[in-house]
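Below, each chain spelled out in residue letters.
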Amino acid sequence: MKTLVLDYDDYHWQSPENCLDTVKEMISRVPEIKISLFTPSLYHGKPLEADWAWCEETRELIKAGRIVLAVHGTEHETSEYENIDEAEAREKLLTAEKMFMNADLPFVRAFKAPHWQIGEGTMKALRRLGYSHAYLHEDTKHLMELETPVRRVFYNWNLLDAAPPEDVDVIIGHGHTHDVCGNGIAQTMERVLQFVEKSSDIQFAFVHEVTGNVV
Ligand SMILES: [Zn+2]
């Protein structure tokens with residue numbers, strides 16, 4: 001049995017990051033699918049709650065168990081979570097969490113830094129705030145040496161590639177909610193669904209359900 005995690009960055013009501021229609025289409029075609037959406041909750045300074053109808057639709061999909069929102073920075077600025085100490089990272093994370101709460105949107109404590117730019121101060125803050133997972137890029141592989149219970153996960157299927165490597169049991173599929181370098185959710189949807197349809201032994205997992213580190 002293989003586990004498939006599908007994670008997409010930059011979920012928001014703004015355009016072009018709003019991918020609700022594609023998410024709903026994927027759910028209609030694969031009812032048991034699980035889609036994890038890394039969400040910058042104050043993207044470019046705009047809070048989630050500013051589009052309440054979008055929040056309501058999002059909330060329904062969360063309640064139905066088909067999507068989760070995970071934390072993808074705060075304003076999504078360059079180096080937002082990179083060269084800062086634990087105290088500053090903690091403040092930023094708490095601001096990000098408050099935005100989810102203001103929008104009445106449940107979220108899971110899995111984190112991916114904007115532009116993958118993350119430092120040790122942020123890793124320490126994640127631990128203190130009870131985050132279970134940090135999603136990392138191979139550029140930050142040195143963080144595997146850090147003593148921390150926060151699970152570190154690296155993607156192994158960039159969704160712009162034809163198929164995941166065959167020798168992995170836990171497939172971490174990574175894309176975007178919009179067209180970034182060709183791995184947007186709409187651009188890669190048919191490829192992902194075809195892979196799911198032709199695989200007989202797939203189970204879905206959300207980003208916070210991955211067990212162990214995935215390197
Ligand atoms: Zn991003």
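Structure first, text after, so check above.
Our subject in this report is the structure included herewith.

Conventions and cut-offs
Residues numbered from 1 in each chain as written. Predicted model: local features only at pLDDT ≥ 70, side-chain atom pairs only at ≥ 80, totals over all residues. Helix = DSSP H or I, 4+ residues; strand = E, 2+ residues; numbered from the N terminus. Buried ≥ 20, exposed ≤ 12 C-beta atoms within 10 Å, placed from the backbone. Arc of directions from axis to C-beta. Contact = placed C-beta atoms within 7 Å. Axes fitted to C-alpha atoms, helices over the stretch in contact; angles between N-to-C directions. Parallel < 35°, antiparallel > 145°, perpendicular 65-115°, else oblique. Left-handed = near helix turned anticlockwise from the far one by under 90°.

**Considering unusual backbone geometry**
Part 1 of the argument: Between Ser15 and the following residue, Pro16, the backbone shows a cis peptide bond with an omega angle of 5°.
Part 2 of the argument: Relative to the helices and strands, Pro16 resides in the loop between β1 (2-9) and α1 (20-29).
Part 3 of the argument: Phi angles above zero are rare outside glycine, and Asp10 is one such case at about 85°.
Part 4 of the argument: Turning to its location among the elements, Asp10 is positioned in the loop between β1 and α1.
Part 5 of the argument: Classification of Asp10 as buried rests on a count of 23 C-beta atoms within 10 Å.

**Re helix α4 (residues 120-128)**
Part 1 of the argument: Restricting attention to buried positions, one finds in α4 the residues Thr122, Met123, Ala125 and Leu126. Seen end-on, α4 carries its buried residues on one side only, within an arc spanning 165°.
Part 2 of the argument: Residues of α4 that are buried in the fold lie against α3 (86-102), β4 (108-112) and β5 (133-136).
Part 3 of the argument: Of the residues trailing α4, Gly130 is marked for its positive phi of about 85°.

**Comments concerning the environment of Trp52**
Part 1 of the argument: By secondary structure assignment, the location of Trp52 is in helix α2 (residues 52-63).
Part 2 of the argument: You can call Trp52 exposed: it has 12 C-beta atoms within 10 Å.
Part 3 of the argument: The sequence separation of Trp52 and Val180 amounts to 128 residues, and the corresponding C-alpha distance is 26 Å.

**Looking at the packing of α3 against α4**
Part 1 of the argument: Where α3 contacts α4, the two axes come as close as 8 Å, and the packing angle between them is 60°. Viewed along their axes, α3 and α4 adopt a mutual orientation that is oblique. Seen from above, α3 lies across α4 with right-handed handedness. Contacts from Glu86, Glu88, Ala89, Arg90 and Leu93 of α3 reach α4 at Gly121, Thr122, Lys124, Ala125 and Arg128.

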